[in-house]
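Descriptive analysis of the structure
Listed here are the chains, written in short residue letters.
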Amino acid sequence: MKYYLLTIEEFNQNHADCVHAPAYNLNNTQCIIEVEDGEEVSNYLQGFENATDVNVWRYSEAESVNWIPSDEFA
Amino acid sequence: MGVGNLPFNLSDIQTELGSTTDTLSGLGLEATPQLTTPFNMSEFENYVAVIEGYYRNDGVNDYGQITGGASTNQFGSGRLSVSFWVKQNAGSHHNAQMLNFAPGFSSSDRIMIDYNTGAGGKLRFNHRQGSGNNLKEYYLNNGGNNSKSGTGGNWQASNKGNTNGQGWTLLTVTYDGAVSGVGGVNFWWNDQQLDHNAQATNGSRSNLAATNLRVGENIHNVGSAGNAAMDFDKICVYSSILSASEIQNIYNNGPKGATLGNPHIEINFNNNTFTDEGTHFSNNGTVNNGGSIQSH
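So, how was this worked out
- Residues numbered from 1 in each chain as written.
- Chains lettered and ligands numbered in written order.
- Predicted model: local features only at pLDDT ≥ 70, side-chain atom pairs only at ≥ 80, totals over all residues.
- Helix = DSSP H or I, 4+ residues; strand = E, 2+ residues; numbered from the N terminus.
- Rg over C-alpha atoms; globule rule 2.2 N^0.38 Å.
- Buried ≥ 20, exposed ≤ 12 C-beta atoms within 10 Å, placed from the backbone.
- Contact = placed C-beta atoms within 7 Å.
- Pairing = 2+ DSSP bridges.
- Axes fitted to C-alpha atoms, helices over the stretch in contact; angles between N-to-C directions.
- Arc of directions from axis to C-beta.
- pLDDT = per-residue confidence, 0-100.

1. Considering the overall build of chain A
Each helix and strand in chain A was counted, giving three helices and four strands. Over its C-alpha atoms chain A spans a radius of gyration of 12 Å, differing by no more than 12% from the 11 Å that the globule rule assigns to 74 residues. C-alpha extents for chain A along the principal axes are approximately 35 × 25 × 20 Å. Sorting the 74 residues of chain A into buried and exposed places 26% on the buried side. Pairs at least 24 apart in sequence give 57% of the contacts found in chain A among residues at least 6 apart.

Shown next as structure tokens:
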């Protein structure tokens, strides 16, 4: 599986029928989709080889504020 | 020599048994193959293939879920134990919701077993009722828990702590609901009972029906901060407080091994299915948003 960071506009236009539901950032401007190896994805902001790479990036100090809710038991 | 599920010849069986006969009946087999070699194990009568599997949550936004639990069996009213196997795959240090049992799909009423990165990492059990929490936490990296867990710090893929030979850790919570608050909760890492050395919050609580179980994520959310990058296997709920020797036996048996007696809930992922081999959940489970069942 590979993962791609997309804008919401790109997702809605070209990937809304993807097999797996995407992971959205907190303000719903970007999302990460998960696709089978070999599946063509264009116009992405960033690509990730595996889930570990996604989370290393997403949980980084710079990005976690955009993805991780602070209210744990909301 | 062991005969596996691959094509094999009668001579293989002869060798295995040390026999000189070359007939199926002479070799003690009740067989219905086409009598042309090589045979497959699946051609023989009474042969049931089991592909031992486990559930992989990749930690992006996926989860496993099973519904249809009997409402009469509740957390908080009696004595029970939850045991399950996990393999930590997180490439970075982050929270991980492991199991959520709940009557519905809201944040308010649920039993949560999770890992939290606070204070260097802690395992937690929370009987959450309404907006109140009955929360008991166990620091992994100080006191006796340092050596018991073997983590010594952040629990992640590069620091799995003490595991069996295949990288799996057995986590067990025993919960005596007759004791007020979380006084009846104990947490085990493999066969070691953890020292309670962190927070305990005791709120009001009543019984919760475990109608639904979500694995790897908050039951009310998707893609949360608690999405676990972990493998899971053999999730069991026993209707008793397991003893140290019983937990030792479960640990020794491993994730593919036998359970202890007949658990009330026994979630397995064999033959590419997510099922309760106990008596609680009436539906088959589902894997969602990229979660997958893998073979051991």
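Having seen the model, we can carry on.
2. Some remarks on the sheet that holds strand E2 (residues 23–24) of chain A
All names here are of chain A. Ordered in space as E2-E3-E1-E4, the four strands form an open sheet in which the pairing is antiparallel. At either end of the open sheet lies a strand with only one pairing partner, and these are E2 and strand E4 (46–48). Relative to strand E3 (residues 30–35), E2 runs antiparallel, the two being bridged by two bridges. In the sheet register, tyrosine 24 faces E3, and the bridge partner there is cysteine 31. Contacts between helix H2 (residues 51–58) and the sheet are confined to strand E1 (2–7), E3 and E4, with E4 contributing the most and set at about 130 degrees to the helix.

3. Side note on the sheet that holds strand E8 (residues 132–139) of chain B
Ordered by their spatial adjacency, eight strands build an open sheet running E12-E8-E7-E6-E5-E14-E2-E18 (chain B), and the pairing between neighbours is antiparallel. If you trace the sheet from one side to the other, it starts and ends with strand E12 (200–201) and strand E18 (286–288) of chain B, each paired once.

4. With respect to H2(A)
Along H2(A), the positions that sit buried rather than exposed are A:Ala51, A:Val54, A:Asn55 and A:Arg58. For H2(A), the arc enclosing every buried residue in end-on projection is 90 degrees, short of the 170-degree limit, so these residues lie on one face. Structurally, H2(A) contributes buried residues whose contacts are with E1, E3, E4 and helix H3 (64–67) of chain A together with strand E1 (53–58) and strand E15 (229–238) of chain B.

5. Focus: the pairing of E3(A)
All names here are of chain A. For E3, the buried fraction is high: five of the six residues fall into the buried class. The sheet contact formed by E1 and E3 spans six bridges and is antiparallel. In the strand pairing of E3, threonine 7 is matched with glutamine 30. Hairpin connection, E2 to E3: the antiparallel pair is bridged by five residues, and asparagine 28 has positive phi, about 55 degrees.

6. Here we look at the interface of chain A and chain B
Contacts between the two partners involve 18 residues from chain A, matched on the other side by 17 residues from chain B. For the side of chain A that touches chain B, the secondary-structure elements that each account for two or more residues are E2, E3 and H2 of chain A. The element best represented in the side of chain A that touches chain B is H2(A), accounting for five residues.

7. Considering the confidence of the model for chain B
The predicted model of chain B has a mean per-residue pLDDT of 89, with 89% of residues at 70 or higher. What the predictor reports for the complex is a pTM of 0.86 with an ipTM of 0.84.

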